[in-house]
Amino acid sequence: MEVKEEASNAVLVRRIFVLIIFAVLAVGGFMLSVGMGSVSIPLDEIITVIFGTGTGTHEQILWNIRLPRTIVAAFVGINLALSGAVLQAIMKNPLADPHIIGISSGAGLAGIIVMLVFPGYEYLVTPVAFLGAMAAAVVIYILAWKNGIRPVRIILAGVAVSAFLGAGISALMIFHSDKVHGALMWMVGGLAARSWPHVDIIYPYAVAGIILVMLGARHLNILQLGDEIAKGLGLNVELTRIVMTAIAAMLAASAVSVVGLLGFVGLIVPHAARLIIGSDYRFLLPGAALLGAAVVMFSDTFARTAFAPTELPVGILMAGLGAPFFLFLLRREL
Amino acid sequence: MALEAKNLTVAFEGNTILKNVNVSFSPGKRTAIIGPNGAGKSTLLKALSSLNRKYEGQVLLDGEDVREMGRKKLSQRLAILPQGAQAPADVTVKQLVDFGRFPYRSWLRASDPKADREAVEWAIERTQLNAFVDRPVIRLSGGERQRAWIAMALAQKPEILLLDEPTTYLDIGHQLEVMNIVEDLNREYGITIIMVLHDINHALQYADEIVVIKDHGVFAQGTPKEILTVDMLGNVFGVRADVFVNSKGISVLSPVSLVK
């Protein structure tokens, strides 16, 4: 049995090692995102500013522009990645992501209604989008309910509701084609001009979400074994599914309402994390969260510096780079 | 009476599958549930094991309604191995078996690591999986994989083990291997076995008691000798069979033709 113990420990050591790498990536992404831009700020200065002793214009840039934007990026990455990871376990489908429960289409339509139909109320985009996302998720839930929730019915109801809301989005864009620029940016998702008020909106959801999903990690592990095995082990499958879907919806809705429809992170990051770290949610959840934060921070840095002074919406960049990388991972796996 | 169903009626989307079933399973025995396809064997097993709690009537464990027991409390006493279980690709045998300790864990109550470890080791030992503990379940052969799932159920330390056609898709050697493990668990540890079997001769060889399900209810219950007769096969399965005595002295049935 000695040898066997070693083999099990090796798995544990590997997972912890991967988590450390992801954490280093996240910290690196943070430093890069804070330091790079039209004015680049050296690392030692970043540290002195963060710990409260910096002065001058660099401090202004960091506190007022770079730091809040980077923090929003990190929370958006964390929330979308956790949401996707949770939904993949609940739906028992590796292609599940926040789109599936209507988050994107709900937030999309709600946000676009505000931007195009009530253009004077732009400051309401975030709360209205959040309500729209949650409302779409609830509608999909109700449509999928029939003696309990089955993953297949959620996916089908999600596809139908998203198509319906998507039609609304397209119709509004056509009828208001003169004002469509801002709406397009919203549809793609971006972090331009995100600041402290946005941090204030997203962080309570992120903190609550992280705690709640981590408490549910063992339940998600059991749920991956299938409904019957999970029930046989004494898990209340229906309740777990409802609660965890609600948490996933809240996480994703808080992210997309702040930055627009950055959908892809919720699909690719948890999937990539799963391929690297395995399916044990006690490790997969922190792994996905760290990787999500790192990916969004890196991507945003690249998106705003690569073609400076023009800023690329980060959503375009992430889909453009993420999709090929995703295919590469899949090809290696299959 | 360890486990019993009282006036159990199960309907699914308007179709009555079981109607007013009354059946009890003796503690410490191995009971085989047999019957034709669609008779409701799996439905009965699912109601007995609380995989399905949407039924009329009652399922009682030592006289207590299982729907009034906590799910985890129930899972500490009763384990079920349904058909077609699948694990994620990277889950190893040891991790799978450890999932069997889930009923003993909760947010409030720390689990007892010593009890967990002993239960997992015991389950792996009993199913002869020591050589495979770190192998992904998905890479095991059919027989080994079925043993791994049985080990997970054993880690629950159940008094009652329910199995739904545990030998489906296995070759005859692995079928006997699985049946022998089940028999040993019953003999050595007194675990009550309730299993749906499709092979009549397995029922003859490995069960103390037979329950025959037909037409939404219990058609007959008794010892294999009383129940598994040529007449019964004709009545229940519409099959004419011959009887042979095998070298162990057990009468086995060999289906020959359909009853016209």
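Procedures and definitions
Residues numbered from 1 in each chain as written. Chains lettered and ligands numbered in written order. Predicted model: local features only at pLDDT ≥ 70, side-chain atom pairs only at ≥ 80, totals over all residues. Heavy atoms only, no water. UniProt positions renumbered as here; feature names shortened; annotations may be inferred. Helix = DSSP H or I, 4+ residues; strand = E, 2+ residues; numbered from the N terminus. Rg over C-alpha atoms; globule rule 2.2 N^0.38 Å. Areas by Shrake-Rupley, 256 points an atom, 1.4 Å probe, with all protein chains shown as cover. Lys, Arg positive; Asp, Glu negative; His and termini not counted. Charge placed at Lys NZ, Arg CZ, Asp CG, Glu CD. Axes fitted to C-alpha atoms, helices over the stretch in contact; angles between N-to-C directions. Left-handed = near helix turned anticlockwise from the far one by under 90°. Contact = heavy atoms within 4.5 Å. Nonpolar A, V, L, I, M, F, W, Y, C, P; charged D, E, K, R; others polar. Polar contact = N/O pair within 3.5 Å; in protein donor to acceptor, adjacent residues only side chain to side chain. Pairing = 2+ DSSP bridges. Salt bridge = Lys/Arg side-chain N within 4 Å of Asp/Glu carboxyl O. Buried < 20%, exposed > 50% of the residue type's maximum accessible area, 1.4 Å probe, protein only.

The name given to chain B in an unreviewed UniProt entry is Iron complex transport system ATP-binding protein, and the organism recorded there is Schwartzia succinivorans DSM 10502. Turning to chain B, the UniProt annotation filed under Subcellular location (unreviewed entry) states: "Cell membrane".

Per an unreviewed UniProt entry, chain A is named Iron complex transport system permease protein, and its organism is Schwartzia succinivorans DSM 10502. In its Subcellular location (unreviewed entry) section, the UniProt entry covering chain A states "Cell membrane". Of chain A, the UniProt comment under Sequence similarities (unreviewed entry) reads exactly: "Belongs to the binding-protein-dependent transport system permease family. FecCD subfamily."

**Topic: the overall build of chain B**
Scanning chain B for helices and strands turns up nine helices and twelve strands. For a compact globule of 260 residues, the expected C-alpha radius of gyration is about 18 Å, and chain B comes in at 19 Å, within 12% of that figure. Dimensions of chain B along its principal axes, counting C-alpha atoms only, are 60 × 40 × 30 Å. In the form shown here, chain B has an accessible surface area of approximately 11800 Å², with 49% of it arising from carbon and sulfur atoms. On chain B, the mean spot of the 31 positive side-chain charges and the mean spot of the 31 negative ones are 2 Å from each other.

**What to know about the packing of helix H4 (residues 103–117) of chain A against helix H5 (residues 125–144) of chain A**
For any two helices packed against each other, one specifies the crossing angle of their axes together with the interaxial distance. All names here are of chain A. Where H4 contacts H5, the two axes come as close as 7 Å, and the packing angle between them is 145 degrees. Crossing geometry of H4 relative to H5 is assigned as right-handed. Contact residues: Ile-103, Gly-106, Ala-107, Ala-110, Gly-111, Val-114 and Met-115 in H4; Val-125, Val-128, Ala-129, Gly-132, Ala-133, Ala-136 and Ala-137 in H5. Partitioning the contact of H4 with H5 into residue classes produces eleven nonpolar, three polar and no charged.

**Observations regarding the environment of Ser83(A)**
Residues and elements named next belong to chain A. With respect to the helices and strands, Ser-83 occurs in helix H3 (residues 56–90). As a C-alpha pair, Ser-83 and Thr-245 span 162 residues in sequence and 8.4 Å in three-dimensional space. Apart from the residues lying within four places of it in its own chain, the contact partners of Ser-83 are Pro-98, Ala-248, Leu-251 and Ala-252. A distance of 2.9 Å separates a polar atom in the side chain of Ser-83 from the backbone oxygen of Ala-248.

**Let's talk about the sheet that holds strand S1 (residues 3–12) of chain B**
Residue and element names in this part refer to chain B. Ordered in space as S2-S1-S4-S5, the four strands form an open sheet in which the pairing is antiparallel. This sheet does not close on itself; its edge strands, each paired only once, are strand S2 (15–25) and strand S5 (64–65). Sheet topology places S1 next to S2; seven bridges connect them, and they run antiparallel. By the bridge assignment for S2, Ala-11 is matched with Thr-16. Of the strands in this sheet, S1, S2 and strand S4 (56–61) are in contact with helix H1 (residues 41–48), which crosses S1 at around 120 degrees.

**With respect to the pattern of salt bridges**
Applying the stated rule across the entire model yields 22 salt bridges over all chains. Arg69(A) serves as the salt-bridge partner of Asp300(A), at 2.8 Å between the closest nitrogen and oxygen. Note that Asp300(A) is positioned in helix H13 (residues 281–305) and Arg69(A) in helix H3, a separation of 231 residues in sequence. Owing to a relative accessible area of 9%, Arg69(A) belongs among the buried residues under this scheme. Here Glu183(B) and Arg30(B) are joined by a salt bridge, their closest N and O atoms 3.8 Å apart.

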